[in-house]
Amino acid sequence: MDMESRRESARALFQSMVLIRAFEERAAAAQAEGKAPGTCTSVGQEASAAGVVKALSSNDLILTNHRSAGHLLARGADPGRMMAEVLGKATGYCKGKSGTLHISVKELGVILTSTIVGGELSLATGVGLSVSMQGSDAVVACFFGDGAACEGIFHESLNLASLWNLPVLYVCENNQWQAFVHRKETMLADHISPRAASYGMDGVTVDGNDVEAVNEAARVAIAKIRETRKPFLLETYTYRTRGHYEPDDQTYVDPEELASWKARDPIASYKKKLLAAGTVSEADLAAIQREVETTIDGAFLFASESPYPAAEELLTDVYA
Amino acid sequence: MSTITAHEAIGQALAEEMRRDSTVIAFGEGVATKRHELVEEFGRARVRNTPLAEGIIAGTAAGAAATGLRPVIDLLFAPFICFAMDEIVNSAGKLRYMSGGQFSFPMVTLAMTGAGWGVGAQHNHNNEAWFVHSPGLKVVMPSNPADFKGLLKASIRDDNPVVFFLDIGLLYVPGEVPEGEHVVPLGKAAIPREGSDVTLISYGKTVHACLAAAKTLEGEGISAEVVDLRTLKPLDEEAFLASVRKTGRAVVVHEASRTCGVGAEVAATIAEKSFASLAGPVVRIAGPDVPAPSSYPLEQAFVPSAAQIVTSVRGLVGK
Ligand SMILES: Cc1ncc(C[n+]2csc(CCOP(=O)(O)OP(=O)(O)O)c2C)c(N)n1
Ligand SMILES: [Mg+2]
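Residues numbered from 1 in each chain as written. Chains lettered and ligands numbered in written order. Predicted model: local features only at pLDDT ≥ 70, side-chain atom pairs only at ≥ 80, totals over all residues. Heavy atoms only, no water.

**Things to note about the sheet that holds strand S1 (residues 61–63) of chain A**
Residues and elements named next belong to chain A. Read from one edge of the open sheet, five strands run S1-S2-S3-S7-S6, paired in parallel fashion. Edge positions in the sheet fall to S1 and strand S6 (202–207), since each of these pairs with one other strand and no more. Across the sheet, the axes of successive neighbouring strands diverge by a mean angle of 20°, strand direction being ignored. Those strands touched by helix H6 (residues 152–163) are strand S2 (140–145), strand S3 (168–174) and strand S7 (232–237), and its axis lies near 150° from that of S3. (Pairing = 2+ DSSP bridges. Helix = DSSP H or I, 4+ residues; strand = E, 2+ residues; numbered from the N terminus. Axes fitted to C-alpha atoms, helices over the stretch in contact; angles between N-to-C directions. Contact = heavy atoms within 4.5 Å.)

Here it is in structure tokens:
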């Protein structure tokens, strides 16, 4: 990579993370002010979403879960239509019929978003099967949590994907929490990626708070899937620094552990790294930050002013 | 007309639809083994055996259906659907609505059920009402080979998730099936026997108990009409309401347990929409609220019989 493309890539990754952070913090603030229903944020995990999604091509598909705002925004979803969906408005991506938890945007290839933990894992094999039977070179990225990796369907999915050579990039966002239960209470091992070996699949763990490391690991995994048409398990090891759902006072979280991960905040660390390397200037980053603030202000305004779905919508979209 | 079994009718429907539409695929535990002729004609990519993992079978079908394929999956025995409830009910049934109509799920889930093989309650559970109660699904349960073929073809062509129940006791009973293209639309009941004194409403195997009862009743001067619902969701209300408005009496018969069964929905619909035409209460004859037994006499005692129907109609008609 030459200096200019390195700078462009860095700006894109940084912008994506800042946008995700700003969007989710605004949604959380709106909840606190009584202007929005509760929502699941991925604060602290932005490097995982931005790093993986920015490594995908435009014809690749994404399946995600309840903690999906990062994946959607990194893919280019309009924050206004996303916020409208969070508020249950007719201008939302799902006409207000998803709400915050299961936003799909078919035109961007973010499909079948499901908030049944493990739901995305059960559907990804079918999407992989379609892609492979259609002879497309697309890759299917499936995001799920460490909690989902404790479900039987995780094993069923990986087993079938490897058996049938399905081009699925399994991305386990190991954020140390499964709602209000710490990961350590639910599994003996620290990592999910070694489980791939049982299915003859490659499995890699990457520092999920280092956006460049995630991006690079995802690129390698995706290239491998495109070449072999075989699935791959990538674990992004990270931490959910806000609560499970807004509001959540996090009184159950060990303050030392939380502080240690906050000290490794993916946005602050990346900023420091970029400035130290001189890849981008402080002014450049500040400009990105300001632009994002303006975008989010506009998004919230658009969402607030949008109408709710008409009453007739209650009964539509049930059957094709 | 040719005389074939329901099992053969299903094979014909699959082969014809796979020939017609290259996006139709079939998979499940033993599908490629049991339907080997399909493998020979369409290849291993379109006809597959799977691990015995019903959740991922159904989830794979839902994911594939939403992205351009039309899967038919075989989950074997209906109780095993419990492992696939999430994928069928929460994904295929709901994600169209929850996404504001962005996705559709043209998939068919086959499952066997019903008395006849003495396999007991973990292989025999007439759980069709669970799916009737779940939004976004269609539910089909045929009673004869022609309908097995025609309804399966319609189910494969339908853009919605269809749960298609195979009453085990009917699978190897031969029956006439029309030659050539035979598609039976979903949501349309059949009237296999017309009558004027009482309406017997049923589906699956117990349609035949109703027909046998109607024959006996005819000898006693009671004219019974039989309505075969065929599709349980959407329910062809017009068909049974029209019949009840004519006869003034209704008996609903099914093998599934009585409480909150499809019969309850039918009876309530009649009470709501044609109360004035009723000359007596709507009667339900259904399986008891117990797990299906395996011992032959107990298994038979579970299933509504023609004799029970006859007795009940005599009471209703006052003869
Ligand atoms: C099948 C199911 N069980 C429980 C829940 C409630 N729930 C929602 S998110 C969540 C935690 C999931 O943990 P993980 O898979 O690690 O994902 P994370 O939220 O940490 O991103 C739980 C228990 C659910 N939505 N679905
Ligand atoms: Mg987690």
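Back to the write-up after that little detour.
**What about unusual backbone geometry?**
Here the bond from Glu246(A) into Pro247(A) is cis, since omega is -5°, no more than 30 degrees from zero. With respect to the helices, strands and loops of the structure, Pro247(A) is situated in the loop between S7 and helix H8 (255–262). Here the residue pair Lys233(B) and Pro234(B) is connected by a cis peptide bond, since its omega of -5° sits within 30 degrees of zero. Its identity as a non-glycine residue notwithstanding, Leu76(B) has a phi of 65°, on the positive side. Checked against the element boundaries, Leu76(B) lands in strand S4 (residues 70–77).

**Description of the domain arrangement of chain B**
Residue and element names in this part refer to chain B. Here chain B is partitioned into domain 1 (2–177) and domain 2 (190–317). Between domain 1 and domain 2, the C-alpha centre-to-centre distance is 26 Å. Contacts between the two partners involve 30 residues from domain 1 and, on the opposite side, 22 residues from domain 2. Across the domain 1/domain 2 interface, buried area totals approximately 1900 Å², and carbon plus sulfur atoms make up 54% of it. Note that Asp147 and Arg230 form a salt bridge whose closest N and O atoms lie 3.0 Å from each other. Connecting domain 1 to domain 2 are 16 residue pairs in polar contact (both at pLDDT 80 or more). Within the residue set of the side of domain 1 that touches domain 2, elements represented by two or more residues are helix H7 (128–132), strand S6 (138–140) and helix H8 (145–157). (Domains from an automatic or database assignment. Buried area = accessible area lost by both parts, 1.4 Å probe. Salt bridge = Lys/Arg side-chain N within 4 Å of Asp/Glu carboxyl O. Polar contact = N/O pair within 3.5 Å; in protein donor to acceptor, adjacent residues only side chain to side chain.)

**Comments concerning the pattern of salt bridges**
Counting across every chain of the model gives 36 salt bridges over all chains. Residue Arg11(A) pairs with Asp284(A) through a salt bridge whose shortest N-O separation is 3.0 Å. Here Asp284(A) lies in helix H10 (residues 282–305) and Arg11(A) lies in helix H1 (residues 3–32), a separation of 273 residues in the sequence. Exposure remark for Arg11(A): the relative accessible area of 26% places this residue in the partly exposed category. For Asp284(A), a relative accessible area of 23% corresponds to the partly exposed category. Through salt bridges with shared partners, a single ionic network connects Glu16(B), Glu17(B), Arg20(B), Lys149(B), Lys153(B), Arg157(B) and Glu181(B). (Buried < 20%, exposed > 50% of the residue type's maximum accessible area, 1.4 Å probe, protein only.)

**Examining the coordination of the magnesium ion (ligand 2)**
Residue and element names in this part refer to chain A. Within the protein, the magnesium ion (ligand 2) binds to Asp146 (OD), Asn175 (OD1) and Trp177 (O); these donor distances fall in the range 2.0 to 2.1 Å. Mapping the donors of the magnesium ion (ligand 2) onto the primary sequence gives the spacing D-x28-N-x1-W. Here Asp146 is found in the loop between S2 and H6, whereas its partner Trp177 is found in strand S4 (residues 177–178), with 31 residues between them in sequence. There is no split in this pair, since Asp146 and Trp177 are both buried. (Donors = N, O, S within 2.8 Å, 3.2 Å for Na, K, Ca; no water.)

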